[in-house]
Amino acid sequence: MHILKRLQSEGSVKNGSTIVPFKSIKTASMEYNIPEKSLEIMLLEEGLIPERYARNIGTYEVSGQLLLLKSKVMVVGCGGLGGWNVEILARAGVGYLRLVDNDHFVAHNLNRQLLAMESSLQEQKVQAAAKRIKEVNSSVEVDVCPCLFDEKTARRLVEGMDVAIDALDNNRSRRLLFEVCRSKEIPVVHGAIGGFIGQVKVIMPGDPHPFEILGEDVPDKGIEVKLGTPPQTPALIATIQANEAIKLLLKKGEILKDHLLWIDLEHNEWMRLKLS
């Protein structure tokens, strides 16, 4: 196509690959009325690299970046864990993000939630997340769902997703997420935090989820009720969650399928716990 030849001619060759300038893609998108994501996919399919993703390619490869742009991820909860997940997945170039949260920012969110600003208090978390994504990567499609994740909405919300991110703050909703995603054969990346403690696990379709292993007597809230949630713990745990989601989408590396990664930042202890 003429547009691809034009963009290639505007690119520069580095380490044998043609890098297409960010501004060239923006301009071409407006001139030809083609969504930026569609242009980026077209370029990658021809082995041309959008400048935005140039530093990803050494890790993801061109084929992997293309996979991410064609992928769909749901982030359930846009607070402490969710905000950092949204940030990383958007920068990685995951092409479609569905954001689920019915909450608004309040003052006690300011200590740890990336998207919480003094200027955004009382703003809906999903709206702030969508705004942030567009500021970071306008190629990403955003599906804003300002609703509860409950029995009425769960099946509709998980439909069509490749991966779901558990950034919830209660075990009742987590159990529902695990069960609905299993019925739809969608992997879930679980994360939870409290004080210096955090944990991450991937629940694959067909595998038992943590509540089936630990029993039904698990309380709705965890140690965060007593220990609180300082800023560093959600940032780290969400980073690991986003990394697991990216590996799932790329079908790359070893995922935390059979183990729960348990981290104590106070004592610098990292443990892989076998759940059985």
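Every value quoted in this text rests on a predicted model; they were computed, and no experiment measured them.

Cut-off values and rules
- Residues numbered from 1 in each chain as written.
- Predicted model: local features only at pLDDT ≥ 70, side-chain atom pairs only at ≥ 80, totals over all residues.
- Heavy atoms only, no water.
- Helix = DSSP H or I, 4+ residues; strand = E, 2+ residues; numbered from the N terminus.
- Expected span 1.5 Å × (residues − 1).
- Buried < 20%, exposed > 50% of the residue type's maximum accessible area, 1.4 Å probe, protein only.
- Pairing = 2+ DSSP bridges.
- Axes fitted to C-alpha atoms, helices over the stretch in contact; angles between N-to-C directions.
- Contact = heavy atoms within 4.5 Å.
- Parallel < 35°, antiparallel > 145°, perpendicular 65-115°, else oblique.
- Nonpolar A, V, L, I, M, F, W, Y, C, P; charged D, E, K, R; others polar.
- Salt bridge = Lys/Arg side-chain N within 4 Å of Asp/Glu carboxyl O.
- Core = buried A, V, L, I, M, F, W, Y, C linked by side-chain atoms within 4.5 Å.

(A) Summary view of helix α11 (residues 232–250). Taking 1.5 Å per residue as the helical rise, α11 with its 19 residues ought to reach 27 Å, and the 27 Å between its terminal C-alpha atoms agrees with that figure. Judged by how many residues are buried, α11 sits mostly within the fold: 15 of 19 residues are covered. At the exit of α11 stands K251, carrying a positive phi of roughly 55°.

(B) Local environment of the sheet that holds strand β9 (residues 197–203). Spatial strand order, β6-β5-β4-β7-β8-β9-β10-β11: eight strands in an open sheet with mixed pairing. Single-partner strands in this sheet number two, and they are β6 (141–145) and β11 (269–274). On average, each strand axis in the sheet is inclined to that of its neighbour by 15°, with strand direction left out of account. In the sheet, β9 pairs with strand β10 (residues 259–264) via four bridges, with the strands oriented antiparallel. Bridged to G198 within β10 is I263. Across the sheet, helix α6 (residues 125–136) lies against β5 (96–100) and β6, angled at about 175° from β6, the strand it touches most. Each of β4 (72–76), β7 (163–166), β8 (188–194) and β9 is contacted by helix α8 (residues 171–183), which is oriented at about 170° to β8, the strand it contacts most.

(C) Examining the packing of helix α1 (residues 2–10) against helix α3 (residues 36–45) more closely. The interhelical angle for the contact between α1 and α3, taken along N-to-C directions, is 75°, at an axis separation of 11 Å. For the element pair α1 / α3, the angle class is roughly perpendicular. Contacts between α1 and α3 involve I3, L4 and L7 from the former and L39, M42 and L43 from the latter. Residues belonging to the contact of α1 with α3 are distributed by class as follows: six nonpolar, no polar and no charged.

(D) Region of interest: unusual backbone geometry. Despite not being glycine, E185 has its phi angle at roughly 60°, a positive value. Structurally, E185 can be placed in the loop between α8 and β8. A positive phi angle, close to 55°, is found at K251, a residue other than glycine. Relative accessible area serves as the criterion here: at 76%, K251 is assigned to the exposed category.

(E) Seen up close, the packing of helix α4 (residues 57–69) against α11. Contact geometry of α4 with α11 gives a least axis separation of 9 Å together with a crossing angle of 100°. One way to sum up the angle between α4 and α11 is to call them roughly perpendicular. Contact residues: Y60, G64, L67 and L68 in α4; I246, L249 and L250 in α11. Within the contact of α4 with α11, the residues separate by chemical class into six nonpolar, one polar and no charged.

(F) Region of the structure containing the sheet that holds strand β1 (residues 12–14). What the three strands build is an open sheet, ordered β1-β2-β3; its pairing is mixed. On the outer flanks of this sheet lie β1 and β3 (49–50), each paired with one strand and no other. Pairing between strand β2 (residues 17–20) and β3: two bridges, direction parallel. Counted as the bridge partner of V20 is P50 from β3.

(G) Structural detail: the pattern of salt bridges. A full pass over the atoms with the stated rule returns 17 salt bridges. Where R91 meets E87, a salt bridge forms, and the shortest distance between an N and an O atom there is 2.8 Å. One end of the pair is R91 and the other is E87, both in helix α5 (residues 80–92) and four residues apart, which spans about a single turn. The buried category is assigned to E87, whose relative accessible area is 8%.

(H) Looking closely at the nonpolar core. Core analysis: the biggest nonpolar cluster contains 42 residues, and L68, V73, L89, L97, L99 and V189 have the highest contact counts within it. Ranked by residues supplied to this core, first place goes to α11 with nine residues. With residues up to four places along the chain from it excluded, the contact list for L68 reads Y60, A92, G93, V94, G95, I246, L249 and L250. Of all hydrophobic cores here, the second largest spans 22 residues; its members include V100, L176, F178 and C181.

(I) Spotlight on the environment of L236. The topology assignment puts L236 in helix α11. The partly exposed category is assigned to L236, whose relative accessible area is 23%. Once the C-alpha coordinates of L236 and I263 are considered, the two residues, 27 residues apart in sequence, prove to be 9.7 Å apart. Ignoring sequence-local partners within four residues, the contact set of L236 consists of I263, L265 and W270.

(J) Quick peek at the side chain of N56. Relative to the helices and strands, N56 resides in the loop between β3 and α4. Those residues in contact with N56, other than ones at most four positions away along the chain, are E61, Q65, R91 and A92.

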